Amino acid sequence: MKARLSFLYFLQFSVWGCYLTCFGQFIGAGGLGSRIAWFYAAIGLVSIITPSLLGRLADKTGRPEKLLMLCHLVAAVFMLTMWWYGMTHQVLDFNLFYPLYLAFLAFYMPTMALANTTTFKILTQNHCNPATSFPSIRIWGTVGFVAAMWFVNSAYVYDGALGFTLNESLPVSHQRFQYNAMQLLCSGVMGLITSLYSLTLPGMSESARVSLDTIPTPSLYKSLGKVLKPAGVRYFLPFVILSGICLQISNGFATPFITHFTGINTYSDSLASGNATMLFSISQISEAFCVLSVGISLKRIGMKWVYAAGLLAWALRFLFFGLGNPGDGLWLLIGSMLVYGVAFNFITIAGHIYIQQVSPENMKGFAQGLMMFMSNGIGATFGTIAAGAVVNHWCEWEMVNTRMGHPIRLFMGEWEWPWLIFASYTFVVMILWLLIFKGERKSVK
């Protein structure tokens, strides 16, 4: 059963990995570069509504795996529609393309919480401790994300044949999927596969469903009150909002930042600048290595210090971006990728485990959705829009001639300032967390 759940996460996150980190490059080339922040804020806009509602529906029906299948199916249809539009239009119309993306996210984002809810229920039915079993399953989501990133970074289609290259100097290099709408096709196809695979997952046992049916479902207001009853949760969720800003800043602007070095003569020959998606994947590899340490860390030092370590890692990630380059500062860029493992796992994965532990039995789906609402919803929405304003103040999209003579649109500017601002913000949030959070020292059993 753990192997089957691991494969679910491999598929689940490959859908995202196909496009998420290189999406900014595609929409920038399509003339919507100044609105990158709005596309990544869209993740937050839909997370404000759909994850918590569908999480609540999963609690009421006891069928999270069926909702997971349906959401993946509908999301894949919208993603394939985006691919078709991107292939047939060189310049993207924001008023048409953005609503399609919102529709995709409206059904894809709930699958994050639904996959967690499904997994936790199946593990519990099989007498496994979710706190100790989940990290070894979730790690395969990272593997799927990385595999998808590597594929779109190097894959291209030329004369009807599929090829792979990391060489930026080849004429076909600018046809790689990381630069065009083919990344959306890959994502849509993986979404269809994930939907079909979800049909094979076992549902809740009949005895468990009967037991669940005997528990009255409280109103939304009462559900919120019960989830917020533990003192630690009331301190935790506001910081989920503040820390939720970090992830979409990284996803939205890291690859355009790295790729912009191809337009600077000093770094135009750098392998790193021409393979931004591949370089970025070191972050997910680091995540895979660190995920297994989450449960142990929560047991030994507690939620307060685990979360503080995650915030410090985010501050270091942004700082290293601000100081690094693909030349003599390449080690700083790599260092930024390496600390991501701690940054992501000690914030997101630890948060999901913590919420699962402290929430009432018949509200765990709602609680998981509520956390998504706080982090990927409120935090990511307003934080990403604000971050976009900061980046657009210092940088702008320009047509630049590459060393191969191919003019491409790159996000040029004084990138060090936005990254240093983001690093300072995260460091301040870490200090506030240490001063304010009053949860239990050791949160996980």
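Residues numbered from 1 in each chain as written. Predicted model: local features only at pLDDT ≥ 70, side-chain atom pairs only at ≥ 80, totals over all residues. Heavy atoms only, no water.

*Asks:* Quick question: what am I supposed to make of the overall build of the protein here?
*Replies:* Helix and strand counts for the protein come out as 17 helices and four strands. Among the 445 residues that make up the protein, the fraction classed as buried is 60%. Expressed as a percentage of contacts within the protein between residues at least 6 apart in sequence, the contacts between residues at least 24 apart total 79%. Total accessible area computed for the protein in this model is approximately 17,000 Å², and 68% of it derives from carbon and sulfur atoms. (Helix = DSSP H or I, 4+ residues; strand = E, 2+ residues; numbered from the N terminus. Buried < 20%, exposed > 50% of the residue type's maximum accessible area, 1.4 Å probe, protein only. Contact = heavy atoms within 4.5 Å. Areas by Shrake-Rupley, 256 points an atom, 1.4 Å probe, with all protein chains shown as cover.)

*Asks:* Please explain the environment of Leu8 as it appears in this structure.
*Replies:* Within the fold, Leu8 resides in helix α1 (residues 2-17). Its relative accessible area of 0% is what places Leu8 among the buried residues. Along the sequence, Leu8 and Trp140 sit 132 residues apart, while their C-alpha atoms lie 8.4 Å from each other. Beyond its immediate stretch of four places on either side in the chain, Leu8 contacts Leu68, Thr119, Thr194, Tyr197, Ser198 and Leu201.

*Asks:* Quick question: what am I supposed to make of a nonpolar patch on the surface here?
*Replies:* A contiguous nonpolar patch, built from Tyr235, Leu312, Leu316, Phe427, Val428, Ile431, Leu432, Leu435 and Ile436 and spanning about 740 Å² of accessible area, is present on the exposed surface. Elements supplying a minimum of two residues to the nonpolar patch: α13 (293-323) and α17 (416-436). Broken down by element, the residue count for the nonpolar patch peaks at six residues, all from α17. For Leu312, a relative accessible area of 36% corresponds to the partly exposed category. (Patch = residues over 30% accessible without salt bridge, like charges linked within 9 Å, V, L, I, M, F, W, Y side chains within 5 Å. Salt bridge = Lys/Arg side-chain N within 4 Å of Asp/Glu carboxyl O.)

*Asks:* Got a minute to help me understand the nonpolar core in this structure?
*Replies:* Where a protein is soluble and globular, its nonpolar side chains tend to be buried together. Residues Trp16, Tyr19, Phe23, Phe97, Tyr101 and Phe236 are the most contacted members of the largest nonpolar core, which totals 126 residues. Per-element accounting of this core gives the leading share, 17 residues, to helix α6 (residues 94-125). The residues touching Tyr101, leaving out its near neighbours within four places in the chain, are Tyr19, Phe23, Phe39, Ala42, Ile43 and Met82. (Core = buried A, V, L, I, M, F, W, Y, C linked by side-chain atoms within 4.5 Å.)

*Asks:* Hey, could you run me through the pairing of strand β1 (residues 155-158) in this one?
*Replies:* Where a strand is regular, its side chains alternate between the two sheet faces. Note that β1 and strand β2 (residues 161-164) share four bridges and pair antiparallel. Its bridge partner lying in β2, Ala155 is registered against Phe164. What sits between β1 and β2 in their antiparallel hairpin is a turn of two residues, with Asp159 showing a positive phi close to 55°. (Pairing = 2+ DSSP bridges.)

*Asks:* Explain the environment of Val291 here, please?
*Replies:* With respect to the helices and strands, Val291 occurs in helix α12 (residues 276-291). The spacing of Val291 and Arg138 is 153 residues in sequence and 7.8 Å in space, taken between C-alpha atoms. Among residues more than four places away in sequence, those in contact with Val291 are Pro135, Arg138, Ile139, Asn345 and Ile349.

*Asks:* How should the packing of aromatic side chains be read in this particular structure?
*Replies:* Two measures describe an aromatic ring pair: the distance that separates the ring centres and the angle between the ring planes. The full count for this structure, using the stated rule, is 48 aromatic pairs. On the basis of an interplanar angle of 70° and a centroid distance of 5.3 Å, the ring pair of Phe257 and Phe261 is categorised as edge-to-face. Taking the centre distance of 5.7 Å and the plane angle of 90° together, the rings of Trp314 and Tyr340 count as edge-to-face. Of this pair, Trp314 sits in helix α13 while Tyr340 sits in helix α15 (residues 340-358), and the two are 26 residues apart along the sequence. Note on accessibility: Trp314 and Tyr340 belong to one class, buried. (Phe/Tyr/Trp six-rings, centres within 6.5 Å; stacked < 30°, edge-to-face > 60°.)

*Asks:* How do you make sense of the confidence of the model for the protein when you look at a structure like this?
*Replies:* Atom-level detail of predicted coordinates should not be read off regions where pLDDT is low. Per-residue confidence for the protein averages 85 on the pLDDT scale, and 87% of its residues sit at or above 70. This model gives residues 208-215 a pLDDT under 50, and the stretch forms eleven contacts once residues within four places in sequence are excluded. Segment residues 441-445: pLDDT under 50, and 22 contacts once partners within four positions in sequence are set aside and those in other chains are kept. (pLDDT = per-residue confidence, 0-100.)

*Asks:* I keep staring at helix α8 (residues 182-198) and nothing clicks. Help me out?
*Replies:* Because the α-helix completes a turn every 3.6 residues, residues three or four places apart line up on one side. Taking 1.5 Å per residue as the helical rise, α8 with its 17 residues ought to reach 24 Å, and the 25 Å between its terminal C-alpha atoms agrees with that figure. Here α8 lies mainly inside the structure; twelve of its 17 residues are buried. (Expected span 1.5 Å × (residues − 1).)

*Asks:* Help me understand the side chain of His260 in this model?
*Replies:* Inspection of the secondary structure assignment puts His260 in the loop between α11 (231-259) and α12. By relative accessible area, which is 3% here, His260 ends up buried. Ignoring any residue separated from it by four or fewer positions in sequence, one finds His260 in contact with Leu410, Phe411, Met412, Gly413 and Trp415.

*Asks:* Looking at this structure, I do not really get the packing of α1 against α6. What am I missing?
*Replies:* In the contact formed by α1 and α6, the axes pass within 11 Å of each other and the chain directions differ by 170°. When the axes of α1 and α6 are compared, the pair comes out roughly antiparallel. Together, Lys2, Leu5, Leu8, Tyr9, Gln12, Phe13, Val15 and Trp16 of α1 and Tyr108, Met109, Thr111, Met112, Ala115, Asn116, Thr119, Ile122 and Leu123 of α6 make up the contact between the two elements. Among the residues forming the contact of α1 with α6, the class breakdown is twelve nonpolar, four polar and one charged. (Axes fitted to C-alpha atoms, helices over the stretch in contact; angles between N-to-C directions. Parallel < 35°, antiparallel > 145°, perpendicular 65-115°, else oblique. Nonpolar A, V, L, I, M, F, W, Y, C, P; charged D, E, K, R; others polar.)

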